[in-house]
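Observations on chain architecture
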Amino acid sequence: MQRDKRRFLHVIVAQAVLMALSLVFALPFIWMLSTSLKVPDHIQSDSVDPIPKAWFLPRHGRLVRVRPLGIKQGRLVVQWRGGAEKGKTVPIAPRRLLSRPYLDWRNYVEGFQEFPFLRYLGNTLVICALSVLGTVLSCSLVAYGLACVPWKGRETLFWVMLSTMMIPGQVTMIPLFILFRHLGWINTILPLVVPAFFGNAFFIFLLRQFYRGIPVSLLEAARVDGAGDLRIWARIVAPLSKPALLMVALFTFINSWNDFLNPLIYLLNDRKYTLSIGLTMFQGQYNTEWGPLMAMSLVMALPIIVLFFLTQKTFIQGVKLSGVKG
Amino acid sequence: MTDDDPVTVNVARNARLRRWPVGLAFSLPLVIGLLMFTAYPVGMSLYYSLCSYPIFSPPRLIGWANYQELLRDPRFWLSLWNTFYYAMAAVPLGMVAGLLLALLLNLKVKGLAFYRTLFFLPTVVPLVASCVLWNQILNPQQGLINEGLRFLGLPAAWTPGWLTSETWSKPALILMSLWGCGGGMVLYLAALQDVPQELYEAAALDGARAWHRLWYVTLPMISPVLLFTGIMGLIGAVQVFAQAFIMTGGGPAESTLFYSLKLFDTAFTEFRLGYASAMAWVMFVFILLATLAVMKLSNRFVYYHT
């Protein structure tokens with residue numbers, strides 16, 4: 001009885017701590033969203049208030065939105081943003097202003113005008129799609145070669161592959177840059193997508209584990225029926241490993257979407273930028289205007305967040321698998 | 001058909017030998033990829049590191065001069081120190097935070113799926129978007145953190161300058177990295193759920209208190225995962241780049257000039273490719289040594305149950 005009571009108490013305390021922590025983890029998200037929906041002068045005056053607000057003035061018994069322009073002879077000059085006199089200015093006593101909840105989409109409009117989102121999105125999606133195609137195709141072929149075809153040397157190749165995972169990208173970065181420069185690939189997407197067609201050690205490792213789980217008798221039966229290896233790969237192994245291939249596709253997509261260093265090295269002009277480079281440059285120009293910055297960061301993060309929610313099970317499974325390797 | 005039947009073994013061996021063209025054909029993308037995108041660049045990088053190579057003229061062998069210059073380069077040592085500071089704080093703190101979250105969630109609380117999703121969500125946000133977001137959150141005047149500290153009653157004069165202060169810029173980036181501790185949490189939680197319940201029951205029978213159960217049962221049982229996240233975290237932290245590039249540009253007063261940032265600058269703004277390659281090799285050797293050291297140390301602490 002005593003133990004049950006103590007256990008109950010523990011759970012209550014844990015629940016309270018978790019609630020507090022979830023607020024801490026969620027605050028940056030809430031703040032990003034609310035800042036992106038705030039009127040510019042409200043961001044400055046009250047940046048912690050999570051509810052976006054704007055200034056209003058009572059007129060003929062209802063509230064009309066106004067924009068404060070400045071102080072003139074002790075009176076606050078405001079501009080009507082609605083009602084019959086929209087656009088006209090009027091001096092008022094500052095204390096008459098009322099702050100009321102209001103969602104302002106101006107930051108998004110301004111952001112989309114200054115930030116060629118669709119072009120960057122298009123560039124990013126092309127890179128993502130080709131990387132996904134290349135990675136899924138090459139990794140699944142190689143994994144078949146390493147898991148389903150018995151041959152001398154496959155263990156060696158596998159261990160060589162695993163040991164290359166220790167090499168930091170900084171070591172290969174410079175010679176690859178020189179190589180791609182000789183090939184005339186600078187300022188094209190080729191350096192970002194071509195390597196994807198030559199396998200990825202980690203994903204090959206994952207797929208190999210998965211392929212080894214496929215019963216050998218199934219492959220043997222197909223072989224007896226006269227199917228060649230390519231056919232067995234395409235008709236049996238690949239369809240059976242759909243969940244694993246989806247996981248590889250998902251993580252490749254997200255990695256390409258988020259990649260920063262490679263596009264930074266290889267993409268030199270504005271027309272070629274991906275979202276991550278575009279957003280970085282946008283931040284350089286809009287350093288002080290938080291509204292559009294938050295709006296555009298949110299727009300860049302949102303597809304990935306949505307994708308995460310849609311594929312949560314696969315996603316978490318993949319993260320766990322990445323840890324199993326240890 | 002048994003494995004030790006000599007005829008079967010022979011047939012299997014012959015079949016094995018005959019199948020190698022097929023196996024190699026399937027593995028060809030990997031073989032070419034390893035040669036072209038790993039072996040060749042690694043070799044060339046070692047060669048360049050022994051060369052003077054301003055990008056517009058061909059590399060010229062100069063022996064160990066680049067490495068000797070590194071030893072005398074104060075910015076090299078500074079970047080090493082900055083990176084060391086960041087890694088030594090961000091990795092252990094992130095692991096402890098992730099482990100604490102996992103232990104809390106492992107208490108069979110209600111809403112586990114919700115909490116797990118929420119804590120994991122920051123790791124999904126693209127790094128560039130997080131950087132832009134945290135740049136504002138860490139703003140000393142109107143940022144969320146300092147507004148919050150003032151709200152809690154801290155005098156305005158005491159609130160840190162975060163990214164504008166030489167002292168606080170690294171802690172600021174470490175704080176930002178802690179927002180992403182949910183990645184480790186998912187792994188720890190999975191490991192915790194695999195710890196056999198009998199061990200706790202046995203420990204409880206022996207009169208072990210909660211603290212002892214954590215120290216003598218839980219931690220040893222999940223130590224392989226701790227080791228793995230520690231090594232991966234270390235490798236990641238040593239390569240920290242985008243945060244400094246986007247948020248601080250290495251400042252203020254080069255307090256966030258991390259190793260990778262200096263390497264990138266040396267290669268792609270100063271175009272000293274030989275010198276930058278030498279830096280890359282120093283990093284590579286350091287990562288290898290650090291990993292070996294952690295593995296060696298872990299022999300004493302990590303418990304593998306099979």
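The model shown is predicted, which means the values in this text are computed figures rather than measured ones.

1. Looking at the layout of surface pockets
Of the pockets and cavities examined, the second largest pocket occupies roughly 1200 Å³. Lining the second largest pocket are 26 residues, with R7 and H10 of chain A together with L107, A210 and R213 of chain B sitting closest to its centre. Per-element tally for the lining of the second largest pocket: the top contributor is helix α1 (residues 2-36) of chain A, with seven residues.

2. Some points on the interface of chain B and chain A
Taken together, the contact between chain B and chain A spans 89 residues of the former and 88 residues of the latter. The interface formed by chain B and chain A includes one salt bridge. The closest approach of N and O atoms between D229 of chain A and R19 of chain B, which form a salt bridge, is 2.9 Å. On the surface where chain B and chain A come into contact, there are ten residue pairs in polar contact (both at pLDDT 80 or more). In terms of residues, the side of chain B that touches chain A owes the most to one element, helix α2 (residues 20-48) of chain B, which gives 21 residues. Residues of the side of chain B that touches chain A, tallied by class, amount to 66 nonpolar, 17 polar and six charged.

3. Considerations on the packing of helix α9 (residues 216-224) of chain A against helix α10 (residues 229-240) of chain A
Residues and elements named next belong to chain A. Running from amino to carboxyl end, α9 crosses α10 at an angle of 145°, the nearest separation of the two axes being 10 Å. You can see that α9 and α10 cross each other, and the crossing is right-handed. Judged by residue contacts, L218, L219, A222 and R223 of α9 engage D229, I232, I236, V237 and L240 from α10. Looking at side-chain class alone, the contact of α9 with α10 contains seven nonpolar, no polar and two charged residues.

4. Quick look at the environment of W257 of chain A
When you line up the elements, W257 of chain A lands in helix α11 (residues 242-258). Residue W257 of chain A is classed as buried on the basis of its relative accessible area, which comes to 3%. Through-space distance from the C-alpha of W257 of chain A to that of S99 of chain A is 39 Å; in sequence the pair is 158 residues apart. Sequence-distant contacts of W257 of chain A, defined by excluding residues within four places in its chain, comprise L121, T124, L125, C128, L275, S276, M300, P303 and I304 of chain A together with P126 of chain B.

5. Some thoughts on the domain arrangement of chain A
The parts lose accessible area when they come together, and the size of an interface is often stated as this lost area. Considered domain by domain, chain A is made up of domain 1 (54-102) and domain 2 (115-285). Placing a centre on the C-alpha atoms of domain 1 of chain A and another on those of domain 2 of chain A gives a separation of 57 Å.

6. Some words on the confidence of the model for chain B
Of the residues in chain B, 93% reach a pLDDT of 70 or more, and the chain-wide mean stands at 89. Two summary scores accompany this predicted model of the complex, namely pTM at 0.89 and ipTM at 0.88.

7. A word on the domain arrangement of chain B
For chain B, the domain assignment lists domain 1 (6-48) and domain 2 (68-301). Summarising the inter-unit geometry, the C-alpha centres of domain 1 of chain B and domain 2 of chain B are found 37 Å apart.

8. Details of the confidence of the model for chain A
Close inspection of predicted coordinates is inappropriate in any region flagged by low pLDDT. Mean pLDDT over chain A stands at 88; residues scoring 70 or higher make up 95%. For chain A, helix α2 (residues 40-45) of chain A is the element with the lowest average pLDDT, namely 64, and helix α7 (residues 190-193) of chain A is the one with the highest, namely 96.

9. Quick notes on the packing of aromatic side chains
Geometry of an aromatic ring pair is reported as the spacing of the ring centres plus the angle between the planes. Using the criterion set out here, one finds 47 aromatic pairs over all chains in the structure. When the centroid spacing of 5.8 Å and the interplanar angle of 65° are considered together, the rings of W31 of chain A and W290 of chain A count as edge-to-face. Here W31 of chain A is found in helix α1, whereas its partner W290 of chain A is found in helix α14 (residues 290-310), with 259 residues between them in sequence. This pair shows no difference in class: W31 of chain A is buried, exactly as W290 of chain A is. Taking the centre distance of 5.7 Å and the plane angle of 70° together, the rings of F158 of chain A and W159 of chain A count as edge-to-face. An aromatic cluster is defined as three or more aromatic residues linked by ring pairs; in this entry it consists of F177, F180, W185, F198, F260 and Y266 of chain A together with F37, F241, F245, F264 and F268 of chain B.

10. Digging into the packing of helix α4 (residues 74-105) of chain B against helix α11 (residues 210-238) of chain B
All names here are of chain B. In contact at an axis separation of 10 Å, α4 and α11 are set at 140° when each is read in the N-to-C sense. The angle between α4 and α11 places the two elements in the oblique class. As α4 packs across α11, the resulting crossing turns out to be right-handed. Taken together, the residues of α11 that come into contact with α4 (itself represented by T83, Y86, A87, M88, V91, M95, L99 and L103) are L214, T218, L219, I222, L226, T229, G230, G233, L234, A237 and V238. Its residues placed into classes, the contact of α4 with α11 shows 14 nonpolar, five polar and no charged.

Rules of the game
- Residues numbered from 1 in each chain as written.
- Chains lettered and ligands numbered in written order.
- Predicted model: local features only at pLDDT ≥ 70, side-chain atom pairs only at ≥ 80, totals over all residues.
- Heavy atoms only, no water.
- 1 Å grid on protein atoms, 1.4 Å probe; cavity = no way out; pocket = protein on both sides within 12 Å on 5 of 7 lines; lining within 4 Å.
- Points joined across faces, edges and corners; volume = space filled by probe spheres on them.
- Helix = DSSP H or I, 4+ residues; strand = E, 2+ residues; numbered from the N terminus.
- Contact = heavy atoms within 4.5 Å.
- Salt bridge = Lys/Arg side-chain N within 4 Å of Asp/Glu carboxyl O.
- Polar contact = N/O pair within 3.5 Å; in protein donor to acceptor, adjacent residues only side chain to side chain.
- Nonpolar A, V, L, I, M, F, W, Y, C, P; charged D, E, K, R; others polar.
- Axes fitted to C-alpha atoms, helices over the stretch in contact; angles between N-to-C directions.
- Left-handed = near helix turned anticlockwise from the far one by under 90°.
- Buried < 20%, exposed > 50% of the residue type's maximum accessible area, 1.4 Å probe, protein only.
- Domains from an automatic or database assignment.
- pLDDT = per-residue confidence, 0-100.
- Phe/Tyr/Trp six-rings, centres within 6.5 Å; stacked < 30°, edge-to-face > 60°.
- Parallel < 35°, antiparallel > 145°, perpendicular 65-115°, else oblique.

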